[in-house]
Structures are given as structure tokens and as C-alpha cells.
Amino acid sequence: WTSGNWEVHDVILNKTKETFYIIANKLHPGVRNGYRIALKTGEITPLFEGYFGIEWALSPDEKKWALRYSTSTQPWELYVADNKPNAPMRRITTSTYSGFNQLNLQTPEVVQVPTSDNQTVSARLYKPAQSNGAAVLFVHGAGYLQNAHHYWSYYAREFLFHQLLLTKGYTVLDIDYRASEGYGRDVRTAVYRHMGERDLLDYVDGKSFLVNNHGIDANRVGIYGGSYGGFITLMGMLKTPGTFACGAALRSVTDWEHYNHEYTSNILNYPGTDPKAYRQSSPIYYANGLNGPLLLLHGIEDDNVQFQDVVRLNQRFIELGKKNYQLAVFPTEAHSFKSAVAWTDEYRRILELFELHLKK
């Protein structure tokens, strides 16, 4: 029913079975827009199209839509609209606090970053009004997830942290590295049997992009991320020492043999039958490469990437006599922190790392 260089993310068949309603990124990889398809003719008609994201539900009489709508700087809110092309959306909710509404948020630019394998990757670029010549690279989590888009980020706290970094003069680059969602099969499968290789190289190339095009000092580029983002941060600091001036790795996978089977086996097969894939993809085997300053942060009650991951890597650093790292432990936090004081402490430590090692 559909073809082209775009993805379908949701499908609804109407009661008469004459129409498909789909959410797709036909306009741009970084949007989620609504369309209808006439089954008899295959004609695709835009219903809600633009540089934003939606989720939707069709009313029982199929005359109206309930929509969640957001942009890069507006969080998700509920709207209602008629089921017809270009129908105006009537806002139902306002969920943000007054303090948030007073923030002067910069809309990040979605750019294409050239890569060393003659491809491009999408990225959010945050440019400060007055650059300090330093940059921070952010690595989203989950591996298969999209963050360089035109709707509200799953990483809301990090988005606001980037706004803070802007006020201090940092340039921020947030890349949809290889295996990210929204770009088709070839991108999605690009890390098969070797995580922390092509996806990491996209960040090495991202650094070059900033140095060559945005006046960034090659010696003052930091990297950070959580979960899979923490994993890539570790691989960057351990596999390519000297590339990044410092790194902060949050709730990171350090050995894929210790992560959950449902996720890992789809990418690395099984430890018993494909040990090479696990060994070449796990940071703990590259621990001897640590050189630059590394900050590790992990909750003891992590229910996704278990605390043992960071403990084992810490022990390996001890055995190797490594000194240029710190471990921050959060005794009552799971994979996603709950308490405001823990979030504040975590990002205070990350900011202090950047301020210490990236500023002149």
C-alpha cells in the first residue's frame, strides 16, 4: 500500500474497510504526521502534516480525532480535530507549569552530518549565541530510538540540560546514530554483531563535523549519555582514547552477556554460539584504553542495566591501575531516576565535569 523513503508507524482500518489511516514520516524523517489512504485507488491524503509529531485515536463515529501533539519546544498536549484534511486542532489541555512556560527555549536545528562511510546521519544541533569553542555530544538511549526530530523529546531533562549548556556557550550535537529508529532497515540493522563500532564512528564523525564547520576546538569536545548512550560513551572513551576530552556514562551496559536476552540476542545472537560478537561489543574488554576523565553514574536499584555492570567495570579499572575516573552511586534509584534530588545531583556532576575539562 505504501512505498518510498519513509516509514509507517501506526495503522488504523476504518469500519467500512475502505480507508487506512496511518502515521508516517513522509515529509521528513523527524516528524510523525497523519494521512489517509483510499484502498480503491491507493491515493494518500495528508490530514495533519507539518514539522511536529502526533499520536491519535479515532472517535467511534469516525468523525473526529483525539490527538497528542507536540513540537521540539512544546511538550505533548491533547487536541481534538475533525476527520478531514487540514482541519484545525482545538487544544484541550495545558500541562506545563508556569515556570516552564517562561523559559526561552531554543528550537534545535535538525542537520545532516556526513560520515566516514559516505553516508549522512540526522542530528539536533544546538548553537549558543556566544560560543565558548567547546562542544558536548549527547547519545540517546535504547539504541533503536529516535531523538533528532521535530517533536517533544523523550529525553526532556536532557533537552533542558542542553538549554542550560547553551547559556554557558557550549555547542551541543545530539545524533541519531546508526541503528536509530525512523530511517529504514539498513540503518536499523547497521550494528548487527558489532555494537559500539559504526554507531560510535558516527560520533567521531560528529566531532569532525563540529570542528570543521562550527569553530569547535578539537581538544574540547565531551560526550555523555545514559543506558545505550552510556554504553557508547564508554566505547568512545575506551576504544578511541583522546578523541573526546571527557565523558559521562550513565547507567551503562558494560558487558552485553549480562543484559536481557530479548534485546541483545536480536543484535548479537547468543554468547555461546557467537562469542566474538559479544566480546567486540562490550566495553569491559576495552578497559585498558581509558585515558581521559570518565564519570560513571549508576543507581544501585537499577532494574534494567543491573548495578553489577558498573561494579565489574570499576573492578577492572582497579586491576589495571586506572586513576582518571570517578563513580557516583545512587543508592535508592532504579534505571530511570525518580527523585528530583537524584536528577539534580547527577546533572550537577556532569556539568562540573564539562566545566572542568572543556572550558579554557
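Residues numbered from 1 in each chain as written. Predicted model: local features only at pLDDT ≥ 70, side-chain atom pairs only at ≥ 80, totals over all residues. Heavy atoms only, no water.

S.K.: What is the right way to look at the overall build of the chain in this model?
M.R.: In terms of regular secondary structure, the chain is built from 9 helices and 16 strands. Radius of gyration (C-alpha) of the chain: 22 Å, near the 21 Å computed for a compact globule of 360 residues. Relative to its full complement of 360 residues, the chain shows a buried share of 54%. Carbon and sulfur atoms provide 49% of the accessible area of the chain, an area that totals close to 16,500 Å². (Helix = DSSP H or I, 4+ residues; strand = E, 2+ residues; numbered from the N terminus. Rg over C-alpha atoms; globule rule 2.2 N^0.38 Å. Buried < 20%, exposed > 50% of the residue type's maximum accessible area, 1.4 Å probe, protein only. Areas by Shrake-Rupley, 256 points an atom, 1.4 Å probe, with all protein chains shown as cover.)

S.K.: How should I be thinking about the side chain of aspartate 255 in this particular structure?
M.R.: Positionally, aspartate 255 belongs in the loop between β14 (246–250) and α6 (261–268). A distance of 3.2 Å separates polar atoms of two side chains, one belonging to aspartate 255 and the other to arginine 312. Dropping the residues within four chain positions of it, aspartate 255 is found in contact with Ser282, Pro283, Ile284, Tyr285, Asp309 and Arg312. (Polar contact = N/O pair within 3.5 Å; in protein donor to acceptor, adjacent residues only side chain to side chain. Contact = heavy atoms within 4.5 Å.)

S.K.: Could you clarify how one ought to interpret the environment of leucine 27 in this entry?
M.R.: Within the fold, leucine 27 resides in the loop between β2 (19–24) and β3 (33–38). The class for leucine 27 is partly exposed, based on a relative accessible area of 35%. Separated by 287 residues in sequence, leucine 27 and asparagine 314 place their C-alpha atoms 46 Å apart. Once you skip the residues sitting within four places of it in the chain, leucine 27 turns out to touch Asn33, Tyr35, Glu49, Gly50 and Tyr51.

S.K.: Hey, could you run me through α6 in this one?
M.R.: The α-helix advances 3.6 residues per turn, and as a result positions three or four apart in sequence lie on the same side. Burial in α6 covers these residues: Thr264, Ser265, Ile267 and Leu268. Elements in contact with the buried residues of α6: α7 (275–281). Following α6 by one or two positions, asparagine 269 has its phi on the positive side, about 65°.

S.K.: Please explain the pairing of strand β4 (residues 44–48) as it appears in this structure.
M.R.: For a regular strand, the rule is simple: side chains alternate between the two faces of the sheet. Pairing of β3 with β4, which is carried by 4 bridges, proceeds in the antiparallel orientation. Each bridged residue has a counterpart across the sheet, and for arginine 36 the counterpart in β4 is threonine 45. A loop of 5 residues connects β3 with β4, the two strands running antiparallel in sequence, and glycine 42 in this loop sits at a positive phi of about 80°. (Pairing = 2+ DSSP bridges.)

S.K.: Which parts of the structure should I look at to understand the packing of aromatic side chains?
M.R.: Two numbers describe a pair of aromatic rings. These are the distance of the centres and the angle of the planes. Within the structure shown, the criterion is met by 30 aromatic pairs. For the pair tyrosine 177 and tyrosine 228, a centre-to-centre distance of 5.8 Å together with 5° between the ring planes defines the contact as stacked. Placement of tyrosine 177 in the loop between β12 (171–175) and α3 (185–188) and of tyrosine 228 in helix α5 (residues 228–239) is noted, with a sequence separation of 51 residues between them. For tyrosine 177, a relative accessible area of 0% gives the class buried. (Phe/Tyr/Trp six-rings, centres within 6.5 Å; stacked < 30°, edge-to-face > 60°.)

S.K.: Help me out: how do you make sense of the packing of helix α2 (residues 156–167) against helix α9 (residues 340–357) in this one?
M.R.: Helix-helix packing: each pair is described by the crossing angle between the helix axes and the interaxial distance. Viewed as axis vectors pointing N to C, α2 and α9 meet at an angle of 40°, and their least axial separation amounts to 12 Å. Note on packing geometry: the crossing formed by α2 with α9 is right-handed. Residue-level contacts link Arg157, Glu158, Phe161, Leu164 and Leu165 of α2 to Trp343, Tyr347, Ile350, Leu351 and Phe354 of α9. Residues belonging to the contact of α2 with α9 are distributed by class as follows: 8 nonpolar, no polar and 2 charged. (Axes fitted to C-alpha atoms, helices over the stretch in contact; angles between N-to-C directions. Left-handed = near helix turned anticlockwise from the far one by under 90°. Nonpolar A, V, L, I, M, F, W, Y, C, P; charged D, E, K, R; others polar.)

S.K.: Hey, could you run me through unusual backbone geometry in this one?
M.R.: In most cases, non-glycine residues show a negative phi, while peptide bonds are predominantly trans. Positive phi outside glycine occurs at alanine 142, with the angle close to 70°. Tracing the sequence through the fold places alanine 142 in the loop between β11 (135–139) and α2. When its relative accessible area of 32% is taken as the criterion, alanine 142 is described as partly exposed. Of note, serine 227 is a non-glycine position whose phi angle comes to about 65°, a positive value. Assignment of secondary structure puts serine 227 in the loop between β13 (221–226) and α5. Its relative accessible area of 13% is what places serine 227 among the buried residues.

S.K.: What is the right way to read the sheet that holds strand β5 (residues 53–58) from this model?
M.R.: Working definition: the strands of a sheet are paired by backbone hydrogen bonds and lie parallel or antiparallel to each other. Read across the open sheet, the 4 strands follow the order β5-β6-β7-β8; overall the sheet is antiparallel. The open sheet terminates on both sides in strands that have one partner only, identified here as β5 and β8 (90–91). Across 2 bridges, strand β7 (residues 77–82) lies against β8 in antiparallel orientation. In the strand pairing of β8, tyrosine 79 is matched with arginine 91.

S.K.: Just to check I follow, could you spell out the environment of glycine 321 for this structure?
M.R.: Relative to the helices and strands, glycine 321 is located in the loop between α8 (308–320) and β16 (325–330). Taking the relative accessible area as the measure of exposure, glycine 321 reaches 44% and is therefore partly exposed. Once the C-alpha coordinates of glycine 321 and phenylalanine 20 are considered, the two residues, 301 residues apart in sequence, prove to be 61 Å apart.

S.K.: Would you mind going over the sheet that holds β2 with me for this structure?
M.R.: Read across the sheet, 4 strands follow the order β1-β2-β3-β4 without closing on themselves; strand pairing throughout is antiparallel. With one partner strand each, in any of the chains shown, β1 (8–13) and β4 form the two edges of the open sheet. In this sheet, neighbouring strand axes are inclined to one another by 25° on average, regardless of whether the strands run parallel or antiparallel.

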